[in-house]
Amino acid sequence: MSKQIVRKAVIPAAGLGTRFLPATKAIPKEMIPIVDVPMIQHIVEEAVRSGITDIVLITARNKEAIENHFDFSYELEDTLEKKEKKDLLEISRSIGKMCNLISVRQKMPLGLGHAVLCAAPVIGNEPFAVLLGDDLIDSKVPCTQQLCEIYARENASVVGVMEVPAAEVSKYGIVGGDMLRAGLMHVKRLVEKPAMADAPSRYAIPGRYVLSPSIFECLRNTKPGKGGEIQLTDALQLLAEREKLLAFQFEGTRYDTGDRLGFIDATLAFALRRPDLAAGVREIMKRHLEIRG
Ligand code: UTP
């Protein structure tokens, strides 16, 4: 296996979550559970399994529940201890011990690029991973680990990509460039949410990156783009003009859990593989499908 040199990750979770209203009016989108595990815990677990030790969480007002989730919960844990509920106690404690979590507030939701730039003082001058707080990737080898291995081998920043139907390119940042081998591209051009006719390829960036610290200088030079927001994709274009930038087609299934249907898809997929729930869920689904005809 390649040498692990990426120790820090940024998880931007300061967005408003408008696609999930009213649920997100007072509760962070990232705390909505997939079955019984909050979305953000799946993301942190991926980072930790990939060798990340320090996680910089980009937060905003109303997001304190995320920080509390990764802390110890003395009242709850004391009660579980007294009642000798050892399994539940271990579940709660293990989340508190998972990683070193550093929170940075993004005071205004000025865009994903701006959120990543907020982490600059904590990241310093070393490569780091970025995992979006509402993008779940289910894979044998964690997606971030796949990207870290490419970074170590090629000594270049890398974005995770997946092939999408032409009709969906306008939902993503899209990369274009020269294929080095199957699944690995030298990126020359990036376009945020292009019209179908302007898309340089059908390779979309769902929300996993391993980046050199030069991205911070690129972000400082990035003007507001699509939607008036500072777009990470626009800063990546500047990075691609300065340094080698790769796109790697990762192995795994991606769920957009910030979208209602993506969330239901992930919930069913995760529930159906749980030995304690699978049979019951199948029964419920069968009943609903029969009732609806
Ligand atoms: P999204 O646009 O998917 O998330 O941003 P959102 O803003 O939370 O949700 P909607 O679109 O209004 O429903 C992608 C990621 O970037 C983060 C979000 O938290 C999400 O993880 N983000 C976005 C920030 O941290 N800050 C921002 O200013 C914008």
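Everything in this summary refers to the structure shown in the same document. (Residues numbered from 1 in each chain as written. Predicted model: local features only at pLDDT ≥ 70, side-chain atom pairs only at ≥ 80, totals over all residues. Heavy atoms only, no water.)

**Notes on unusual backbone geometry**
Residues L21 and P22 are joined by a peptide bond in cis, for which omega reads 5°. Its place among the elements puts P22 in the loop between β1 (8–12) and β2 (33–34). (Helix = DSSP H or I, 4+ residues; strand = E, 2+ residues; numbered from the N terminus.)

**Remarks on the packing of helix α3 (residues 74–82) against helix α4 (residues 86–97)**
Orientation of α3 relative to α4, taken along the N-to-C sense of each, is 155°, at an axis distance of 9 Å. It follows from the interaxial angle that α3 and α4 lie roughly antiparallel. Of the two elements, α3 crosses α4, and the hand of that crossing is left-handed. From α3, L76, E77, L80 and E81 reach across to α4, where they touch L88, L89, S92 and R93. Of the residues that constitute the contact of α3 with α4, the class distribution is four nonpolar, one polar and three charged. (Axes fitted to C-alpha atoms, helices over the stretch in contact; angles between N-to-C directions. Parallel < 35°, antiparallel > 145°, perpendicular 65-115°, else oblique. Left-handed = near helix turned anticlockwise from the far one by under 90°. Contact = heavy atoms within 4.5 Å. Nonpolar A, V, L, I, M, F, W, Y, C, P; charged D, E, K, R; others polar.)

**Brief notes about the environment of D134**
Mapped onto the secondary structure, D134 falls in the loop between β6 (128–131) and β7 (135–138). It is 5.2 Å that separates the C-alpha atoms of D134 and G258, two residues lying 124 residues apart in sequence. At 2.6 Å, the side chain of D134 forms a polar contact with the side chain of K29. (Polar contact = N/O pair within 3.5 Å; in protein donor to acceptor, adjacent residues only side chain to side chain.)

**A word on the packing of aromatic side chains**
Enumeration according to the criterion identifies three aromatic pairs in this entry. Relative to F263, the ring of F20 lies with its centre 5.3 Å away and its plane at 90°, an arrangement referred to as edge-to-face. A residue pair is termed long-range when its members are at least 10 positions apart, and F20 in the loop between β1 and β2 and F263 in helix α10 (residues 260–272) qualify at 243 residues. Take F20: its relative accessible area is 10%, and that puts it in the buried class. The class of F263 is buried, set by a relative accessible area of 17%. Sitting above the plane of the F270 ring, R273 keeps its charged end 4.7 Å from the centroid. (Phe/Tyr/Trp six-rings, centres within 6.5 Å; stacked < 30°, edge-to-face > 60°. Buried < 20%, exposed > 50% of the residue type's maximum accessible area, 1.4 Å probe, protein only. Lys NZ or Arg CZ within 6 Å of the ring centre and 35° of its normal.)

**A word on a nonpolar patch on the surface**
On the surface, L261, I264 and L268 cluster together into a nonpolar patch covering about 290 Å² of accessible area. Here L261 lies in helix α10. On the basis of relative accessibility, which here comes to 67%, the residue L261 falls in the exposed class. (Patch = residues over 30% accessible without salt bridge, like charges linked within 9 Å, V, L, I, M, F, W, Y side chains within 5 Å. Areas by Shrake-Rupley, 256 points an atom, 1.4 Å probe, with all protein chains shown as cover. Salt bridge = Lys/Arg side-chain N within 4 Å of Asp/Glu carboxyl O.)

**Considering the pairing of β1**
Counting buried positions along β1 gives five out of five residues, so the element sits mostly inside the fold. Side chains K8, V10 and P12 project from β1 onto one buried face, and the interleaved A9 and I11 project onto a second face that is buried too. Taken together, the five bridges between β1 and strand β4 (residues 54–59) define a ladder with parallel strand orientation. Within β4, the position partnered with A9 by the bridge is I55. Where β1 lies against β6, three bridges are found, and the strand directions are parallel. Each residue of the ladder has a partner; that of K8, found in β6, is F128. (Pairing = 2+ DSSP bridges.)

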